[in-house]
Structure formats: structure tokens, C-alpha cells
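Reading the structure
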Amino acid sequence: MTTNRTHTADETAILKVLENVYAAWDTYDADAFVADYTKDASVILPGSYRSSREEIRQSMQAGFTSYLKGSTTSNKVLDIRFLNKDVAAVISETSILFPGETHVPADRSAIAMWILTRQETGWQVAAYQNSPTTAPTS
């Protein structure tokens, strides 16, 4: 994403989708978290794969009521690339801060790729994948 120009309407709409996802995390609302996901969306995280919006919602609901409760995220969009007029790839940096922490450990920062598609209702997340920014050590 070039920072020295204004966003196109599509870039603005895509950023709004991501903003909605992040805002849903802040309120621990799994339904809102997946509201802008396609029905057949997929998510790949280290060690896990979710193959539908409902699986993603269930996973987030379980997380929000347990280990993710009270957490916040920090997110920064690095790039938006249009693969065609109806598909975009977004690269972002993200990290999770848990209650009582003052900084995010390096192993909780990730680089993510979002694939969004233009639907009749607007842009939606079709796929998401993230990888830690640092390689795990044994």
C-alpha cells in the first residue's frame, strides 16, 4: 500500500472490514468477528485450520471466553494488492497483548495475509493465514 496517495474506495472498504474484525476482538464478539467473512472462509494459524465461517466463529467464541479473554490486539496494514478487480491480498502485522502485560513477547507477533473478495454485499474475508514473525526455538 502506497502511503503517499489517497485510498481508493475499494481500499477504504477493505480497511473497514479489517477495522470491523479488530473492533469485534476488542468486544470479544465472535459473531461480529466473522460478520465480514464468507460462508466458506478459511483460517490457517500455526497448528490449526478452520474451513468455514462457522468453525472460525466457534473457535473465536471459545477463545474469547477462555484464553483470549481480556486480550487486545495491535494491528498494522502493510500492503494491499489487488489480484484482480474482485480479489485483494492484504499483508498486516498483528500481535496479542494479554491482561497484565506491558509489552508483547516476540513470539506473539505475526505477519498475516488476508484474502478478500468482492461479494454482492461488499468486501469479505475469504481466507486468513498468519505466521510468527520469529521462528520458534527448541
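The structure displayed is predicted, hence computed values, not measured ones. All residue numbers refer to position in the chain's written sequence, counted from 1. At least 70 in pLDDT is required for a residue's local features to be given in this predicted model, at least 80 for side-chain atom pairs to be given and counted, and no such filter applies to totals for whole chains, interfaces and linings, which use all residues. Side-chain numbers here rest on the full set of heavy atoms in the structure, without hydrogens or water.

Points about the sheet that holds strand S5 (residues 109-119)
If you walk across this open sheet you meet the six strands as S2-S1-S6-S5-S4-S3, and the pairing is mixed. Here the strands that pair on one side only, and so sit at the sheet edges, are strand S2 (48-50) and strand S3 (72-84). On average, adjacent strands in this sheet sit at an angle of 15° to one another, irrespective of strand direction. Between any two strands, at least two bridges found by DSSP are needed for them to pair. By the criteria applied, helices consist of DSSP H or I runs no shorter than four residues and strands consist of E runs no shorter than two, each listed in order from the N terminus. By the bridge criterion, nine bridges tie strand S4 (residues 87-97) to S5 in an arrangement that is antiparallel. The residue bridging alanine 89 from the neighbouring strand is isoleucine 115, located in S5. A contact between two residues is defined here by any heavy atoms of the two lying within 4.5 Å. For helices, the axis comes from a line fit to the C-alpha atoms of the stretch in contact; other axes are also lines fit to C-alpha atoms, and the angle between any two N-to-C directions lies between 0 and 180 degrees. Against the sheet, helix H1 (residues 9-26) touches strand S1 (37-45), S3, S4, S5 and strand S6 (122-132), its axis set at about 155° to S3. Along the sheet face, helix H3 (residues 53-64) touches S1 and S2 and points at about 55° away from the line of S1.

Description of the environment of arginine 81
Relative to the helices and strands, arginine 81 is located in strand S3. Non-local contacts of arginine 81, meaning those with residues more than four positions away in its chain, are made with Val87, Ala88 and Ala89. Reaching out from arginine 81, the side chain makes a polar contact with the side chain of aspartate 79 at a distance of 2.9 Å. Any N or O atom pair separated by 3.5 Å or less is treated as a polar contact, with the protein-specific requirement of one donor-capable and one acceptor-capable atom, and with residues adjacent in sequence counted only for side-chain atom pairs.

Quick look at the confidence of the model for the protein chain
Here pLDDT means the predictor's own confidence in every residue, given as a number from 0 to 100. For the protein chain, per-residue confidence averages 92 on the pLDDT scale, and 93% of positions sit at 70 or higher. Taken as a whole, residues 1-5 scores under 50 in pLDDT and shows six contacts with residues more than four places along the chain or in a different chain.

Here we look at the pairing of S5
Relative to S6, S5 runs antiparallel, the two being bridged by 10 bridges. Residue pairing across strands places isoleucine 111 opposite serine 131, the latter belonging to S6. If you look at the hairpin formed by S5 and S6, you'll find two residues sitting between the two strands.

Regarding H3
Expected helix span is given by 1.5 Å per residue-to-residue step, counting one fewer step than there are residues. An ideal rise of 1.5 Å per residue puts 16 Å on 12 residues; H3 measures up with 16 Å between its terminal C-alpha atoms. Three or more residues of H3 are buried, namely Ile56, Ser59, Met60, Gly63 and Phe64. Seen from one end, H3 has its buried residues packed into an arc of 130°, which puts them on one side. Of the surrounding elements, those touching the buried residues of H3 are H1, helix H2 (30-33), S1 and S2. Three exposure classes are used, based on accessible area relative to the maximum for each residue type with a 1.4 Å probe and protein chains only: buried under 20%, partly exposed in between, and exposed over 50%. Directions from the helix axis toward the C-beta atoms define the arc.

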